[in-house]
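Residue-level structural notes
Spelled out from the first residue to the last, the chains are:
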Amino acid sequence: MGMTMTQKILAAHCGEAAVTAGQLINAKLDIVLGNDITTPVAINEFEKAGFDSVFDRTRVNIVLDHFVPNKDIKSATQSKQCRQFADKYDILNFYDVGEMGVEHALLPEKGIVTAGDCIIGADSHTCTYGAVGAFSTGVGSTDMAAGMAKGVAWFKVPAAIKVELTGAIQRPVTGKDVIGEIGVSGALYKSLEFVVEGVKSLTMEDRLCICNMAIEAGAKNGIFPVDEITEAYLKGRSQRPWVKYEADPDAEYERTVTIDLTALEPTVSYPHLPENTHLAKEGKDIKIDQIVIGSCTNGRIEDMQAAYDVL
């Protein structure tokens, strides 16, 4: 039986010819990420374990994302701890005030993450980078600490769900509407692998959003094939040569989900649960006081414009 795209990346990073769903492996890491909330906890664990060096100063990334500029003494103290650690170990990709931003938009835009990578981040939405054809997943701060020190992480190889995207997306439908079709916890610890011709109608921003939200479906990761759109995005941007992995024709999937992109309409989640979704047009009589575009997902001006257009 062949391997999925995710399984191929994991096999390459653990030195095995092949891996299978459920197998426990130790994989070499290309990128380790932390932010101003999770990195201080990782630093504490790093020091408690007696580590005195990082595996590669160019592969550890710290982004002061959530509370910068600082809102109080506690967040200022956390930022200070990150700065001191970055200075001590000469961390190349340390993003502070004036250079920081939404971490999951920053790393792809800077070309720090690229196709074929194996990536962990102490933030649940680290699965964003599957959009560029990488295996990328969120971990706890203890795993981040070990990853910073050793450049290795352990994984249980996930089983995969094939998500066949047919048709073509019709604006103002966006990537957020696509991932909503999977459902909350609908892919628990699975790899969501997006395929078929509908992929070509999705921009990189759509793909980044979809993979970012894979965790909201309970998935271990989401991943898109490396096609012409991906390569155009990576060309001149990626800081390292990338590797293009493709699923085998006989790859094993636990199940297949088919989503007709042409039939999708803009959707909205109502309080207080993310699965409480409704078509946007159903809420046309509801008075709206504020619109907030969550920065953890994509937080771009284009998304605000899309929300305005729907309303």
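The notes below deal with the structure included here. This structure is a prediction, so every number in the text was calculated from the model and none was measured. (Residues numbered from 1 in each chain as written. Predicted model: local features only at pLDDT ≥ 70, side-chain atom pairs only at ≥ 80, totals over all residues. Heavy atoms only, no water.)

**What about the environment of Gly101?**
Take Gly101: it is sitting in the loop between strand E4 (93-95) and helix H4 (103-110). Measuring from C-alpha to C-alpha, the distance between Gly101 and Ala214 comes to 21 Å, with 113 residues separating the pair along the chain. Once residues within four sequence positions are removed from consideration, Gly101 is found in contact with Val63, Asp65 and Leu106. (Helix = DSSP H or I, 4+ residues; strand = E, 2+ residues; numbered from the N terminus. Contact = heavy atoms within 4.5 Å.)

**Quick notes on the side chain of His104**
Relative to the elements of secondary structure, His104 occurs in helix H4. Here the side chain of His104 touches Tyr129 through a polar contact of 2.9 Å, side chain to side chain. (Polar contact = N/O pair within 3.5 Å; in protein donor to acceptor, adjacent residues only side chain to side chain.)

**A short note on unusual backbone geometry**
At the junction of Val68 and Pro69, the peptide bond is cis and its omega measures out at 0 degrees in the coordinates. Of note, Pro69 is situated in the loop between strand E3 (60-63) and helix H3 (73-88). Of note, the bond from Arg171 into Pro172 is cis; its omega dihedral lies within 30 degrees of zero at 15 degrees. Structurally, Pro172 can be placed in the loop between strand E8 (160-166) and helix H6 (175-179). Despite not being glycine, Asp90 shows a phi value in the positive range, around 55 degrees. Note on placement: Asp90 falls in the loop between H3 and E4. Located in the positive-phi region is Tyr189, a residue other than glycine, with phi close to 55 degrees. The class for Tyr189 is partly exposed, based on a relative accessible area of 29%. (Buried < 20%, exposed > 50% of the residue type's maximum accessible area, 1.4 Å probe, protein only.)

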